[in-house]
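Read off the chains here:
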Amino acid sequence: MPSEPRAVSQTATDSFLSSQDELPYRRRQQALLREFGSAALQTRDIRQILQQATELSARGLRCSYAKALEYLPDEKRLIVRAGIGWPAGTVDRVSLGADIESPAGFAFQTGQSVISNHLQEETRFRTPHLLAEHGIKRAINVLIRRGGEGDTPYGVLEADSPDPGQFDDADVDFLAGFAGLLGIAIERQHADAKLQQALDHEVLLTREMSHRVKNSLTSVVGLLRVQARGSESVDVKNALENAAMRVASIAQVHDHLWRGSKVGFVDLSDFVGHLCKNLQNSAPEHTVQCHSDPIVISADKAIPLGLLVNELVTNAVKYAYIDGPGVIMVDAREIDGHLLVEISDEGAGLPDGFDINQPRNSLGFRVIIGLVRQLMGELKISKNLPRGALFTIKFPLDPPSTNA
Amino acid sequence: MPLITSPIRVLVVEDETFIRMDVVETLRAAGFDMLEATNADEAIQMLERHFDIRLMFTDIDMPGSMNGLKLAGTVSDRWPPVRIIATSGHFKVQDGDLPADARFIPKPYQPAQIISAVRELTGAA
């Protein structure tokens, strides 16, 4: 039966330090605590912080052993998470009972710091095996609290010495200083983990949303096609089919959005490749060739660009080759922060004096002009060499974001 | 007397109404005799009732007791002659997900793709 614990119980007369040794000893402790404080701010690696705490506190207490113990609630034990002096294989393997009858367990259960200066003659506590095996004569145990309210404490910080001598109240304060800083570091890591969880969840939601938007748009495409089929009038049929194609090209951007690795961005070469494959499928008589630089662009740029490529390729399919199959090329390159997209064919070419603004009733060209303006870009229409038409679109890309 | 061959019967399984209507009408216009189901359970009932279904075109992402992958497995076990095309806008189908002779077409698909795949698998010229 342990005697009534006198947790921190040293009188000045027990101290082994003479008063002339005391001052440099305490100054050194202060310096080490300060060193730990700034080191703990440098990293978010909790394992490294625990390790530094044990090393620096052992130096400050002139003892060769120290360890940081984490409480495992399921096993009700304290496991060694970092330490100095112990043989290899101690960390993450050796654990001690967290009951009140061991010094570390007492500190953990009561929150009181414990000095044991004569472990071999200790009546209050039984000495854990780990300490007995290494001939530990005296020890200090202090609680490592977590910052924040209501949480179970993290564990215990313990300094051990096999040499004769005395730990005193000021030594306890020194070690408690480390434990306090550790609590803050642990809480900070906990908050980081929670934040990361929230961010991961946000990414998941964003992807889920893109996926739903894509599904809804695909449904709209189906509806428009059904309506087109049901229409008696050729004009209405064509208008509905064109609308279906345009909506399908917006749906495709969302399809790439939820698959992409960067939220809100699409891989241009995947996207353009996919778009061309679909255009090829709907115009099997022609050959649609496509090349794109491997860059990522934001959805804001990809949606109008997809629509533009869709319009211009469809236009070439309809008008470039009057008497037979031909080739339509899509080429997208990045030049000086701009994207240069060329859509060309080797067909009949545009009539002389062609002015894109002229056939004001052509929805296709009104859409093209509107989309180029939305991209804050320029459209150039020229003759393709040796024959056919060449549409060149150039627009500024977003500056690369800093928070990758 | 000329030999009259009845049109090839195809079952479409798709929960999204407009998408189902679109596929059904596309294939009907291409000369197939169409049946439609909105989920796997309905599809099984159709297959139990109509012995002349030659091909099932099914979505993979469907609510209900079975998704399209499970449905494809069941159909392949119970009605081995029925050819299967599965489609999805979500899944990337891997080897072993579908019966060996089933075909996968990712969404979004073009009407022409569906028609040629159905023709190929049913041997309709």
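**Some words on the interface of chain A and chain B**
Alright, step 1. Across the boundary between the two partners, chain A contributes 16 residues, which contact 17 residues of chain B.
Alright, step 2. Between chain A and chain B, roughly 1600 Å² of surface is buried when both sides are summed, and carbon and sulfur atoms account for 53% of that area.
Alright, step 3. The largest per-residue losses of area from chain A upon contact with chain B belong to Arg225, Val226 and Arg229 of chain A, which jointly make up 30% of the total buried on that side.
Alright, step 4. At the boundary of chain A with chain B, the tally comes to 3 salt bridges.
Alright, step 5. For Asp22 of chain B, the salt bridge is made with Arg225 of chain A, and the minimal N-O distance between the two is 3.0 Å.
Alright, step 6. When residues in the side of chain A that touches chain B are grouped by element, the largest group, 9 residues, is from helix H5 (residues 169-230) of chain A.

**Comments concerning the sheet that holds strand S2 (residues 33-37) of chain B**
All names here are of chain B.
Alright, step 1. Pairing is parallel across the open sheet formed by 5 strands, whose spatial order is S2-S1-S3-S4-S5. The sheet terminates laterally at S2 and strand S5 (103-106), the two strands that pair on one side only. Ignoring which end each strand starts from, the neighbouring axes of this sheet average 20° apart.
Alright, step 2. Relative to strand S3 (residues 53-59), strand S1 (residues 9-13) is paired through 5 bridges, and the arrangement is parallel. Residue pairing across strands places Leu11 opposite Met56, the latter belonging to S3.

**What about unusual backbone geometry?**
Residues and elements named next belong to chain A.
Alright, step 1. Looking along the chain, the bond that leaves Leu385 and enters Pro386 is cis, with omega of 5°.
Alright, step 2. Within the secondary structure layout, Pro386 lies in the loop between strand S12 (378-383) and strand S13 (389-396).
Alright, step 3. In this model, Lys76 sits at a positive phi of 55°, which is unusual for a non-glycine residue.
Alright, step 4. The phi torsion at Met376 lies on the positive side, around 55°, for a residue other than glycine.

**Regarding the sheet that holds strand S1 (residues 65-72) of chain A**
All names here are of chain A.
Alright, step 1. Strands sit in the order S3-S2-S1-S6-S5-S4 across an open sheet of 6 strands; the sheet is antiparallel. Either end of the sheet is taken by a strand with one partner, and the two such strands are strand S3 (95-97) and strand S4 (114-116). Taken pair by pair, the neighbouring strands of this sheet meet at an average axis angle of 25°, ignoring direction.
Alright, step 2. In this structure, S1 lies alongside strand S6 (residues 155-161), joined through 6 bridges in antiparallel fashion. Residue pairing across strands places Tyr65 opposite Asp160, the latter belonging to S6.
Alright, step 3. Running at roughly 25° to strand S5 (residues 138-144), helix H3 (residues 103-110) makes contact with S1, strand S2 (77-84), S3, S4, S5 and S6 of the sheet.

**Side note on the packing of H5 of chain A against helix H6 (residues 234-259) of chain A**
All names here are of chain A.
Alright, step 1. Where H5 meets H6, the axes come as close as 8 Å, and the angle between the chain directions of the two elements is 165°. Between H5 and H6, the crossing angle belongs to the class labelled roughly antiparallel. In this structure, H5 meets H6 at a crossing whose hand is left-handed.
Alright, step 2. Of the residues belonging to the contact of H5 with H6, the class tally is 15 nonpolar, 5 polar and 8 charged.

**Points about the domain arrangement of chain A**
Alright, step 1. Segmenting chain A into domains produces domain 1 (12-192) and domain 2 (260-396).
Alright, step 2. Centre-to-centre separation of domain 1 of chain A and domain 2 of chain A, based on C-alpha positions: 68 Å.

**Comments concerning the pattern of salt bridges**
Alright, step 1. The tally for this structure, following the rule as stated, stands at 24 salt bridges over all chains.
Alright, step 2. In this structure, the salt-bridge partner of Arg9 of chain B is Asp33 of chain B, at a minimum N-O distance of 2.8 Å. On the criterion of sequence distance, the pair formed by Arg9 of chain B in strand S1 and Asp33 of chain B in strand S2 is long-range, its members being 24 residues apart.
Alright, step 3. Classification of Asp33 of chain B by relative accessible area gives partly exposed; the value is 26%.
Alright, step 4. What emerges from the salt-bridge pattern is a single network uniting Glu22, Arg26, Asp168 and Asp171 of chain A.

**Observations regarding the side chain of Arg20 of chain B**
Residues and elements named next belong to chain B.
Alright, step 1. Within the secondary structure, Arg20 sits in helix H1 (residues 17-29).
Alright, step 2. Within the structure, Arg20 has its side chain in polar contact with the side chain of Glu36 (distance 3.0 Å).
Alright, step 3. What Arg20 contacts, discounting residues up to four positions off in sequence, is Val12, Glu14, Asp15, Glu36, Ala37 and Thr38.

**Details of helix H7 (residues 268-282) of chain A**
Residues and elements named next belong to chain A.
Alright, step 1. Taking 1.5 Å as the rise per residue, H7 with 15 residues should run 21 Å; its terminal C-alpha atoms sit 21 Å apart, in good agreement.
Alright, step 2. Here H7 has its buried residues at Leu268, Phe271, Val272, Leu275, Cys276, Asn278 and Leu279. Buried residues along H7 cover an arc of 160° about the axis, so they all sit on one side.

**Description of the pairing of S1 of chain A**
Residue and element names in this part refer to chain A.
Alright, step 1. Counting buried residues along S1, 8 of its 8 residues qualify, which places the element largely inside the surrounding structure.
Alright, step 2. Sheet analysis places S1 next to S2, joined by 7 bridges and oriented antiparallel. Paired with Tyr71 across the two strands is Leu78, which belongs to S2.
Alright, step 3. Connecting S1 to the antiparallel partner S2 that follows it, the hairpin turn spans 4 residues, and Lys76 within it adopts a positive phi of roughly 55°.

**As for the packing of aromatic side chains**
Residue and element names in this part refer to chain A.
Alright, step 1. As enumerated under the stated definition, the model contains 5 aromatic pairs over all chains in all.
Alright, step 2. Between Phe174 and Phe178, the ring centres sit 5.0 Å apart and the planes meet at 80°, which makes this aromatic pair edge-to-face. Taken together, the residues span about one helical turn, with Phe174 and Phe178 both in helix H5 at a distance of 4 residues. Here Phe174 matches Phe178 in class, with each residue buried.
Alright, step 3. Counting every residue linked through ring pairs, the aromatic cluster contains Phe36, Phe174 and Phe178.
Alright, step 4. Here Arg138 stacks its cationic end above the ring of Phe167, 4.4 Å away from the centre of that ring.
Alright, step 5. For the cation-ring pair, Lys262 lies above Phe265, with the distance from its terminal atom to the ring centre recorded as 4.2 Å.

What counts and how
- Residues numbered from 1 in each chain as written.
- Chains lettered and ligands numbered in written order.
- Predicted model: local features only at pLDDT ≥ 70, side-chain atom pairs only at ≥ 80, totals over all residues.
- Heavy atoms only, no water.
- Contact = heavy atoms within 4.5 Å.
- Buried area = accessible area lost by both parts, 1.4 Å probe.
- Salt bridge = Lys/Arg side-chain N within 4 Å of Asp/Glu carboxyl O.
- Helix = DSSP H or I, 4+ residues; strand = E, 2+ residues; numbered from the N terminus.
- Pairing = 2+ DSSP bridges.
- Axes fitted to C-alpha atoms, helices over the stretch in contact; angles between N-to-C directions.
- Parallel < 35°, antiparallel > 145°, perpendicular 65-115°, else oblique.
- Left-handed = near helix turned anticlockwise from the far one by under 90°.
- Nonpolar A, V, L, I, M, F, W, Y, C, P; charged D, E, K, R; others polar.
- Domains from an automatic or database assignment.
- Buried < 20%, exposed > 50% of the residue type's maximum accessible area, 1.4 Å probe, protein only.
- Polar contact = N/O pair within 3.5 Å; in protein donor to acceptor, adjacent residues only side chain to side chain.
- Expected span 1.5 Å × (residues − 1).
- Arc of directions from axis to C-beta.
- Phe/Tyr/Trp six-rings, centres within 6.5 Å; stacked < 30°, edge-to-face > 60°.
- Lys NZ or Arg CZ within 6 Å of the ring centre and 35° of its normal.

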